[in-house]
Amino acid sequence: MGTMPEGSSTAGRGGPRTLAEALRTRGDEELAALLRARPDLLTPVPGDLTQLATRAGTRASVVRALERLDRFTLQTAEALAVAPDPAPYETLRGLLTGDEGDPAIEAALPHAVDVLRRQAIIWGGADRLRLVRTARELLAPSPTRPSPTGLGPTVAEATAGMSPTRLQEILAVAGLPTTHDPVSAVASLVSLFTDRTRMAALLDTAPPEALTVLDRLVWGPPYGEVTASPTPPVRWLRDRGLLLPASPRTVVLPREAALHLRAGRAHRTVEPLPPEVRPAATTSIIQGRPQVVDSTAAGQAFTALSTVEDLLKDWHEGGPAVLRSGGLSVRDLKRTAAALDTNEQMAGFWLELTYAAGLLASDGAADERYAPTPAYDDWLTLPAAERWARLAAAWLTATRTAGLIGGQDTKGRTLSALGPDLDRSAATEVRRRVLDLLATLPAGTAPDPESVLARLRWERPLRGSGTADPEANAARNAAAVGPTDLRSRIAAWTLREAEVLGITGRGALSAHGRALLGHDTAPDDGTDGTGAARHARAEVLAADATAALAPLLPEPLDHVLLQADLTAVAPGPLQRPLAETLSVLADVESKGGATVYRFTPGSVRRALDAGRSASDLHTFLATHSRTPVPQPLSYLIDDVARRHGHLRIGAASAYVRCDDDALLGEILADKRSQGLRLRRLAPSVLAAQADPATLLDGLRTMGYAPAAESAEGDVLITRAHARRTPPRTPPAPVPDGPPLPDATLLGAAVKAIRAGDLAATVERKPAPEPAKNGELPRTTSAETLATVQAAAMTGAAVWIGYVNADGAASQRVIAPVRVEGGFVTAYDHTADEVRTYPLHRITGVAELADDSA
């Protein structure tokens, strides 16, 4: 048997009559817990407990509170919505356990009732539990909205418009004595339906076909269509009130009769305990070997860093244009996917990750394009483990949801990568919760994804399904090929993204993933400290993750292996200066555990164009190669260097000059040069009508190695132009409702509400001119001055009406300290601080009947 919930000692008539009165019986810690659980009640801070109770009963606030309940707590509220109002705790327990009882439900029910009471969804003692009116309207059955329980209206509600004669006929056919009024007739029928013995005897006389009709309606929906001439089984049920008319062509099974057929249960299936997160079927392969998980995750983390670098290196000189509606075009997304050698969905994920981390943004120019931000250059200088921690922390807190890319919004428009409509406020909560569930499993254990989704649906059934019928949605989700609700889809994306990011390895949470979540340190309950304190904690967790990952990442190498086939093999990650120089001197041929670079005439010329000389390249290769420099590579460098710059191109419109007359004649005779429209101006100079860049590219295509020169005749060194956006801040996550208040704000809010409630409810002595029509009482200036002076001498508190400089009137409880110069300095209980008030703005004053204030 479950223990009686808190509040059971409240006597029936001595208990609170309203929610506001119930809140007044709470301590400060209980009020703070309510405001923490429902932070929307704090905006703005209520003036008193009556305002707090009113706000807690508004539809928007109640819907938000119900959406954050787990399945069993929600089922408890749903059962209370179909119970009498008010309902004793025993009645509620019976609706959940049924006639036979259930120890698991009885053990879990007190906690569920306590949660509902703490969140002000129910109030009253255990003998008179009341559901907030708005919550009852949302959860109780109605003709336009079925109940989550599948129950219909009560007998009293279903017979509200029925004639008294018809009611007496039903009593007579059911074997009940007739009465003299409809109220007693309904009571007699309800008494029959709620009496297990008499109701069983009545159903024993029912035709089998009638019982079949009841079986179809008992678990909902309780409504059924009938013809003008119903069948005998339906007529038998209708004559005895087991089916009551809801409309000319519709009948309904009354709630009391349905509960008897259900053995007293309001729900077909009650789930008092959350579904267990089960290990995956393949877990046994690596279970007990968390080092395998950590190594796999570290490899994925290193690959993630390489992918982000490749992406932004490809956009180094400026990325694709920004669509007019924002975001990246489908064509550019496909190009990005091809460049990263992945699919479009994963390319969208990497784009959104770099955007969330503040490494990528639009440049804001007239011809708006995407480009790396200055933060990207700072990020590149960090150690690999720290760079990964920055990415992982950004992903964990971002509300940008890459999985939506390619889908459609509510208006049928396609959602594009980096577009404005990819934020989902639930993403952060779901992402964090999924990883927390993974952390509950032993190290090295991967979860069964379906069990994770089932757990999430139990924890937030309304938010997960978008409807108030969790049982129907559970069946729908079980029958679906994949998850259909947004929370489940985000959870599935989280499992996939965590794997490619390296937070998990082989589906199991890694050691550095646990450190990032803070499961190796004291948990953060979100109640201690301000936003700055939480930010500091996040930095500490990122540092812990960095320390856990660093030993698992390979050390950067300072050498390559040169081969005779004009390739270089990097057996691991290279140090950044070496990698940057080698990427200019050679082309990447393949990636993997080892990167293969290939030297070509074009790549060597690219290095020479960047200002390197042949001797610089020979020295560089000899210094960084563990193998001798192959002779073919040396010949290639010398050959390209010998021809590099032999032809010189500058601006005339464009010209070519060369000391070798025969070479210029060869160019003029080449048919491929006709498009450049060349002509000889002097023995060593050719003029062209093409611009220098076109002429440079044209001659290189023909197999020559020209060099550009300046107006002074010097060779121009061409380097890659790094295009960067102006300094940008990462996109701010879209909050899921009001932010969680910290302890300081909660304490101040509780004090303000208490003070305001004191001012609104304190008992006052009658003023000389009592208030009329809700106005503040008024006293003369002399009476006001005399009263506050007396209060200052005795230390008593008084009640005043006050009008501020903006003309806003308010009532306050103050304890005057000093009265001089037309001002009264007093401790204001409402504001919880010492304030000074001009006497001429005090409309009236009254002594308190109880000086304890």
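The structure this text deals with has already been given above.
Worth saying up front: this structure is predicted, and the values here are computed from it rather than measured.

A. Expanded view of the overall build of the protein chain. Helix and strand counts for the protein chain come out as 35 helices and 23 strands. The buried share of the protein chain, taken over its 853 residues, is 48%. Sequence-distant contacts, at least 24 apart, represent 65% of the contacts inside the protein chain between residues at least 6 apart. Of the roughly 40200 Å² that the protein chain leaves accessible, carbon and sulfur atoms contribute 54%.

B. Local environment of the sheet that holds strand β20 (residues 809-820). Spatial strand order, β22-β21-β20-β19-β23: five strands in an open sheet with antiparallel pairing. The open sheet is flanked by β22 (833-838) and β23 (842-847), the only strands paired with a single partner. Sheet twist, expressed as the mean angle between neighbouring strand axes with direction ignored, is 45°. As defined by bridge partners, strand β21 (residues 823-828) adjoins β22 across six bridges and the pair is classed as antiparallel. Following the sheet pairing, F823 is matched in β22 by P838. Sitting on the sheet, helix α34 (residues 743-761) touches β19 (798-803) and β20, and the angle it makes with β20 is about 95°. In the packing of helix α35 (residues 781-794) onto the sheet, the strands contacted are β19, β20 and β23, and the crossing angle to β20 comes to about 65°.

C. Expanded view of the pairing of strand β11 (residues 567-570). Side chains T567 and V569 of β11 all project onto a buried face; the interleaved residues A568 and A570 project onto the opposite face, where all are buried too. Between strand β10 (residues 561-563) and the antiparallel strand that follows it, β11, lie three residues; L566 among them carries a positive phi value of about 65°. As defined by bridge partners, β11 adjoins strand β13 (residues 595-598) across four bridges and the pair is classed as antiparallel. Bridged to A570 within β13 is T595.

D. Up close: the pattern of salt bridges. Overall, the coordinates contain 35 salt bridges when judged by the stated rule. Ionic pairing is found between R432 and D436, a salt bridge with its closest N-O pair at 3.4 Å. One end of the pair, R432, and the other, D436, are both in helix α21 (residues 426-439), four residues apart, so they sit about a helical turn from each other. On the accessibility criterion, R432 (30% relative accessible area) is partly exposed. Among the ionic contacts, a cluster of salt bridges with common partners joins D85, R130 and R136.

E. Examining helix α29 (residues 601-609) more closely. What α29 keeps buried is the set S603, V604, R605, A607, L608 and D609. Contacts made by the buried residues of α29 are with α28 (576-585), β12 (587-590), β13, α30 (614-624), α31 (631-643) and α33 (692-701). G611 sits one or two residues past α29 and shows a positive phi near 105°.

F. Highlighting the packing of aromatic side chains. Applying the stated criterion across every chain yields a total of four aromatic pairs. The ring of W379 is capped by R387, whose NZ or CZ atom sits 5.4 Å from the centre of that ring.

G. Layout of the sheet that holds β10. With antiparallel pairing, the four strands of this open sheet are ordered in space as β10-β11-β13-β12. Only two strands of the sheet have a single neighbouring strand rather than two, namely β10 and β12. Adjacent strand axes in the sheet meet at a mean angle of 30°, parallel and antiparallel pairs treated alike.

H. How the structure looks around a negative patch on the surface. A grouping of D659, D660, D661 and E666 is seen on the molecular surface, where their side chains present a negatively charged patch. Mapping D661 onto the fold places it in helix α32 (residues 661-669). Given the relative accessible area of 40%, D661 is considered partly exposed.

I. Seen up close, the nonpolar core. Counting 93 residues, the largest nonpolar core has L35, L52, L66, F72 and L242 as its most contacted members. When residues of this core are assigned to their parent elements, the largest contribution, seven residues, is made by helix α7 (residues 103-118). The residues touching L52, leaving out its near neighbours within four places in the chain, are L23, L31, L34, L35, L41, P46 and I753.

J. Fine view of the packing of helix α20 (residues 384-397) against helix α25 (residues 486-501). Direction vectors running N to C along α20 and α25 enclose 170°, while the axes themselves pass 11 Å from each other. Looking at the two axes, α20 sits roughly antiparallel to α25. In contact with W388, A392 and W395 of α20, α25 contributes T494, E497, A498 and L501. Of the residues contributing to the contact of α20 with α25, the split by class is five nonpolar, one polar and one charged.

K. Spotlight on the environment of S295. Among the secondary structure elements, S295 is positioned in helix α16 (residues 290-314). Judged by its relative accessible area of 46%, S295 is partly exposed. When the C-alpha atoms of S295 and G502 are compared, they prove to be 9.6 Å apart, with 207 residues separating the residues in sequence.

L. Structural detail: the pairing of strand β16 (residues 678-682). The sheet contact formed by β16 and strand β17 (residues 685-688) spans four bridges and is antiparallel. Opposite A682, over in β17, you have V685 as the bridge partner. Between β16 and β17, which follow one another and run antiparallel, lie two residues.

M. Expanded view of the side chain of Q119. With respect to the element layout, Q119 can be found in the loop between α7 and β1 (122-123). When residues no more than four places from it in sequence are discounted, the contact partners of Q119 are L34, A37, R38, A65 and L69.

N. Structural detail: empty space enclosed by the protein. Within the structure shown, the criterion is met by two cavities of 30 Å³ or more. In this structure, the largest cavity occupies an estimated 110 Å³ of space. Considering the residues around the largest cavity, the lining is formed by 15 residues, among which W395, R400, A402, R431 and E497 are closest to the centre. Counting residues per element, the ones that place at least two in the lining of the largest cavity are α18 (344-356) and α25.

Criteria and thresholds
- Residues numbered from 1 in each chain as written.
- Predicted model: local features only at pLDDT ≥ 70, side-chain atom pairs only at ≥ 80, totals over all residues.
- Heavy atoms only, no water.
- Helix = DSSP H or I, 4+ residues; strand = E, 2+ residues; numbered from the N terminus.
- Buried < 20%, exposed > 50% of the residue type's maximum accessible area, 1.4 Å probe, protein only.
- Contact = heavy atoms within 4.5 Å.
- Areas by Shrake-Rupley, 256 points an atom, 1.4 Å probe, with all protein chains shown as cover.
- Pairing = 2+ DSSP bridges.
- Axes fitted to C-alpha atoms, helices over the stretch in contact; angles between N-to-C directions.
- Salt bridge = Lys/Arg side-chain N within 4 Å of Asp/Glu carboxyl O.
- Phe/Tyr/Trp six-rings, centres within 6.5 Å; stacked < 30°, edge-to-face > 60°.
- Lys NZ or Arg CZ within 6 Å of the ring centre and 35° of its normal.
- Patch = residues over 30% accessible without salt bridge, like charges linked within 9 Å, V, L, I, M, F, W, Y side chains within 5 Å.
- Lys, Arg positive; Asp, Glu negative; His and termini not counted.
- Charge placed at Lys NZ, Arg CZ, Asp CG, Glu CD.
- Core = buried A, V, L, I, M, F, W, Y, C linked by side-chain atoms within 4.5 Å.
- Parallel < 35°, antiparallel > 145°, perpendicular 65-115°, else oblique.
- Nonpolar A, V, L, I, M, F, W, Y, C, P; charged D, E, K, R; others polar.
- 1 Å grid on protein atoms, 1.4 Å probe; cavity = no way out; pocket = protein on both sides within 12 Å on 5 of 7 lines; lining within 4 Å.
- Points joined across faces, edges and corners; volume = space filled by probe spheres on them.

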